[in-house]
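Here is how the chains run, residue by residue.
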Amino acid sequence: MPWVPCDPPLPPVNTGRPKITSATAPPSALQPHELGSTDESIVVLRRTFDELGDLFRIHVPSRGTSTWVASHPDDVKHVLVTNHRNYTKGVGIDRVRLLLGRGIMTSEGEFWRRQRRMMQPAFHRRVIERYASIVREENESLGAEWSAAAHGTGSVNVTLSVSRLALRIILRALFDDDLRQLVTDLDHNPFVAILQGARRDTRFAYEFRQLAREVKALVAIRRARPQGRFDLLQLLLDARDADTGETMSDAEVVDEVMTLVVAGHETTASTLNWTWWLLATHPAVAMRLAEEQYAVGDLGLASYADLIRLPYTRQVVDESMRLYPPGWLLTRRSIGPDTLGGHAVPPGTDVFISPYLVHRHPQHWSLPETFDPGHFDPAQVEARHAFAYIPFAAGPRHCIGQNFSLYEILLHCNLAVRRFQLTDPQPVQPALEARINLRTAGDVHMRIEQR
Ligand code: HEM
C-alpha cells in the first residue's frame, strides 16, 4: 500500500440504529462457505458485509447450519457483555482445543470461572511491571541483532525477529531461569519449533502439543524447588481458589501454561509485525512517533503508567490493531433463544463477531481503510461507540493478557523506535493469513538503518 496522506476526518458519525423487530432471519449470503475453516473466510466475510451489512447469515455445509455474523457495536455489546451468559465459545474453540487442552481460552462454565479467578491476579499491572527487566533484556538482544543487520546486509526479517522476541519474553516470564536449565539439558530450546511451523494447521497443533511433555518436566522441577521464585508458572502453582482454597492440579497448570505460550506469543508478535510494516509505509506517522520517543528518551525499567503516558505511541499501536486485529474472529454459540438486531436467534446458533469487520465499519470510523492514528484522538474516541473497537474482545472473556501485551509492545516501541528506522523497499500490502490469528501470509523483510 503506498503512503497516503491523511484526509481530514469526517464529521462525527451517527451511530444510532433503527429499531426493528422481526421473526424472520437476517439476510443470507447466496453462496455457502466453510466460514472460519478456509483461507478465504476473511475475504468472504468482508464481501458479504459490504453487500448485506450489520447482521447476515452464511450457510456452512459441513455443519448443516447457518452462521450469523454480527458487526454492529450494539450487537457486539449484547453478545459479549449484556447477554454473555447465553453464549459459549462454539466452533472456533473446537479448532484450538487440540492445541490448548482445557486452558482458560477453551474452557467454559464453572471450571472456566474458577481458573480465570485464580489466574487474574497474575496479570495485574503492578505484577506485569516486574517483567520489565526481561522485556528490556530481550529487546537489547533484538537491538544487537538489528544493529548487526543495519551495518551488514541492511535488511531484516521483521516477522521472524519480533516473533522470536515475543516468544522469548513469554517463555522467560513463565519459567524464569528454569528455561535456561531446560535448554542446557536438552541442548536446544524445544519451544523454537513454534517459530518454525509456518502454517497453523493440525500438524502444527500435534507437534505443539508434544511440548506439553517439556512443560510437565518444568512443573515437576518447580514442585521440587519452589522457593523464592517470581514468574507466571509460580503464580499459577501458588494460586488458590478463594472459595475452596484448592490449587490447580499439574495437568491443569500444564494446560494453562500451553495456553499462555500460544495466546501470549503470536498475537503480540503479529501486532509488532503489522505495526512495523505500517510505520515503514507511512513515514509521516513514523517520524511523529520517533519524535515522541526521542522527547521522552530511554524509559529504563518503565512502569505501566510511564508507558501509557505516551499518547501518540499508544494511538499508533491502537490503530495498528484496528486495521489488523490478531484475534480477527470471535466465535460464539447461543445456548437459549435471544434477539439480535430485532431478529430472533434460535438456541444453538453460531454467532460470529469479526473485530476485522467491526474495526472497518464505515458508520463508526471516519477513514475505515486508512492507517490514521488520529482515529484515536481523544475527541474521536469520545464520539465513537465504545464497542466499535474490540481488539482484546470485551466482557468477562476479554483477553487476560491485555496489560501484559500492551506493556511489552509499548516498551518495545520505546527501545526500538529511537534506534532504528525500517522502510519497505517494495511497499506492497502483505497478503493476509487469517487462521487462528491474523498474520502476514509470508515473512516481511525490510530495509533497516540505525538512527
Ligand atoms: C496484541 C496482543 C493480544 C491480542 C490482540 C489478544 C486478543 C485476544 C482476544 C480477542 C481474546 C478473546 C478471544 C475470544 O473471546 O474468543 C483473547 C483472549 C485471551 N488472551 Fe489475548 N491477546 C493478546 C495478547 C495476549 C497475551 C500476551 C496473553 C498472555 C500472556 C493472552 C492471553 C489470553 C487468554 C488466556 C485469553 C482467554 C481468556 C478467557 O477466555 O478467559 N493474550 N485475547
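Provided above is the structure to which this section pertains.
Only a predicted model underlies this, so the values are computations on that prediction, with no experimental measurement involved.

(A) Representation of the packing of aromatic side chains within the structure. Per the counting criterion, the structure on display carries 10 aromatic pairs. Their ring planes at 50 degrees and their centres at 5.7 Å tell us that Y131 and F404 sit as a pair that is tilted. In this pair, Y131 is assigned in the loop between α5 (125-128) and α6 (132-151) and F404 in helix α19 (residues 402-416), connecting sequence segments 273 residues apart. Ring centres of Y304 and Y407 lie 6.2 Å apart, and the angle between their planes is 15 degrees; on these two criteria the pair is classed as stacked. Residue Y304 is found in helix α15 (residues 304-308), and its partner Y407 is found in helix α19; the two are separated by 103 residues along the sequence. Y407 matches Y304 in its accessibility class, with the two residues each being buried. Members of the aromatic cluster, each reached through a chain of ring pairs, are Y131, F230 and F404. Against the face of W365 rests R322, its NZ or CZ located 5.1 Å from the ring centre.

(B) Fine view of the coordination of the iron atom of the ligand. Coordination of the iron atom of the ligand by the protein comes from a single atom, C399 (SG), at 2.3 Å. Inspection of the secondary structure assignment puts C399 in the loop between α18 (378-383) and α19.

(C) Summary view of the sheet that holds strand β4 (residues 155-157). Spatially, the three strands line up as an open sheet ordered β4-β12-β9, and their pairing is antiparallel. With one partner strand each, in any of the chains shown, β4 and β9 (420-423) form the two edges of the open sheet. Strand-to-strand, the axes of this sheet are offset by a mean angle of 40 degrees, without reference to chain direction. Across four bridges, β9 lies against strand β12 (residues 445-450) in antiparallel orientation. In the sheet register, L422 faces β12, and the bridge partner there is I448. Taken strand by strand, helix α7 (residues 158-175) contacts β4, β9 and β12, and its axis lies near 50 degrees from that of β4.

(D) Quick look at the packing of α7 against α19. As a packed pair, α7 and α19 sit with axes 12 Å apart at the nearest point and diverge in direction by 130 degrees. By the angle between their directions, the pair α7 and α19 is classed as oblique. Handedness of the α7/α19 crossing: right-handed. Residue-level inspection shows L165, A166, I169, I170 and A173 of α7 in contact with α19, the latter providing F404, E408 and H412.

(E) Structural view of the sheet that holds strand β5 (residues 330-334). Read from one edge of the open sheet, five strands run β1-β2-β8-β5-β3, paired in mixed fashion. Strands with a single pairing partner mark the edges of an open sheet, and in this sheet they are β1 (55-60) and β3 (87-88). By the bridge criterion, two bridges tie β3 to β5 in an arrangement that is antiparallel. Bridge pairing in β5 links T88 to R333. Against the sheet, helix α1 (residues 41-52) contacts β1 and β2 (65-70), and its axis sits at roughly 135 degrees relative to β1. Strands β1, β2, β3, β5 and β8 (350-353) of the sheet are contacted by helix α2 (residues 73-82), whose axis makes an angle of about 120 degrees with β8.

(F) A look at the nonpolar core. One finds W146, F175, L232, V257, W276, F404 and L422 to be the most contacted residues of the largest nonpolar core, which totals 115 residues. Ranked by the residues each element gives to this core, the list is headed by helix α13 (residues 250-281), at 14 residues. Beyond its immediate chain neighbours, meaning those up to four positions away, V257 contacts L174, F175, V215, L233 and L236. With 17 residues, the next largest nonpolar core counts L55, V76, I353 and F387 among its residues.

(G) How the structure looks around empty space enclosed by the protein. Counted by the stated rule, this structure contains two cavities of 30 Å³ or more. Space inside the largest cavity adds up to approximately 970 Å³. Taken together, 45 residues line the largest cavity, and the ones lying closest to its centre are M105, A263, T267, G327 and C399. When residues of the lining of the largest cavity are traced back to their parent elements, those giving at least two are α3 (91-100), α4 (109-119), α13, β5 and α19. Broken down by element, the residue count for the lining of the largest cavity peaks at eight residues, all from α13. When the residues that make up the lining of the largest cavity are grouped by side-chain class, the tally is 27 nonpolar, 12 polar and six charged.

(H) Seen up close, the site of the ligand. Surveying the vicinity of the ligand reveals 28 residues, the closest of which are W112, R116, R332, R397 and C399. Residue I104 places a main-chain N or O atom 3.2 Å away from an oxygen atom belonging to the ligand. Measuring from an oxygen atom of the ligand, one finds a side-chain N or O atom of R332 at 2.7 Å. Comparing atom positions with the cavity grids shows the ligand to sit within the largest cavity. Per-element accounting of the shell around the ligand gives the leading share, seven residues, to α13. In the shell around the ligand, the residues fall into 16 nonpolar, eight polar and four charged.

Calculation rules
Along each chain, residue indices are assigned from 1 in the same order as the chain's sequence is written. In keeping with the model being predicted, local features are shown solely for residues with a pLDDT of at least 70 and side-chain atom pairs are shown and tallied solely at 80 or more, while totals for entire chains, interfaces and linings include all residues. With hydrogens and water stripped out, all remaining heavy atoms of the structure feed into the side-chain values. Aromatic contacts are taken between Phe, Tyr and Trp rings whose centres are within 6.5 Å, Trp giving its six-membered ring; a plane angle under 30 degrees counts as stacked, one over 60 as edge-to-face, and the others as tilted. Helix and strand assignments follow DSSP, with helices taken as H or I runs no shorter than four residues and strands as E runs no shorter than two, numbered in order from the N terminus. Throughout this description, buried means an accessible area under 20% of the type-specific maximum (1.4 Å probe, protein chains only), exposed means over 50%, and partly exposed covers the range between. Definition used: whenever NZ (Lys) or CZ (Arg) falls within 6 Å of the ring centre and also within 35 degrees of the ring normal, the charge is taken to sit over that ring. Each metal site lists N, O and S donors within 2.8 Å (3.2 Å for Na, K and Ca). With water left out of the atoms, a site can look as if it is missing ligands. Each pair of strands is called paired provided DSSP finds at least two bridges between the two strands. Angles here are taken between N-to-C directions and fall from 0 to 180 degrees, while the axes themselves are lines fitted to C-alpha atoms, restricted in helices to the stretch in contact. We call two residues in contact whenever any of their non-hydrogen atoms come within 4.5 Å of each other. Roughly parallel means an angle under 35 degrees; roughly antiparallel, over 145; roughly perpendicular, 65 to 115; everything else is oblique. Each helix crossing is assigned a hand: it is left-handed if the near helix lies turned anticlockwise from the far helix by less than a right angle, otherwise right-handed if that turn is clockwise. We call a set of buried Ala, Val, Leu, Ile, Met, Phe, Trp, Tyr and Cys residues a nonpolar core when their side-chain atoms join them within 4.5 Å. Put simply, the grid is 1 Å and covers the protein atoms alone, a cavity is a trapped set of points that fit a 1.4 Å probe, a pocket is an open set with protein on both sides within 12 Å along at least five of seven lines, and lining residues have an atom within 4 Å of a point. Grid points are joined across faces, edges and corners, and a volume is the space filled by probe spheres set on the points. The residue classification treats Ala, Val, Leu, Ile, Met, Phe, Trp, Tyr, Cys and Pro as nonpolar and Asp, Glu, Lys and Arg as charged. All others, Gly included, are polar. Residues are labelled near a given molecule or strand when at least one of their non-hydrogen atoms is within 4 Å of it. In the analysis that follows, any N or O atom pair within 3.5 Å is treated as a polar contact, provided that within protein one partner can donate a hydrogen and the other can accept it, and provided that, for residues neighboring in sequence, both atoms belong to side chains. A cavity or pocket is said to hold a molecule if more than half of that molecule's atoms lie within 2 Å of its grid points.

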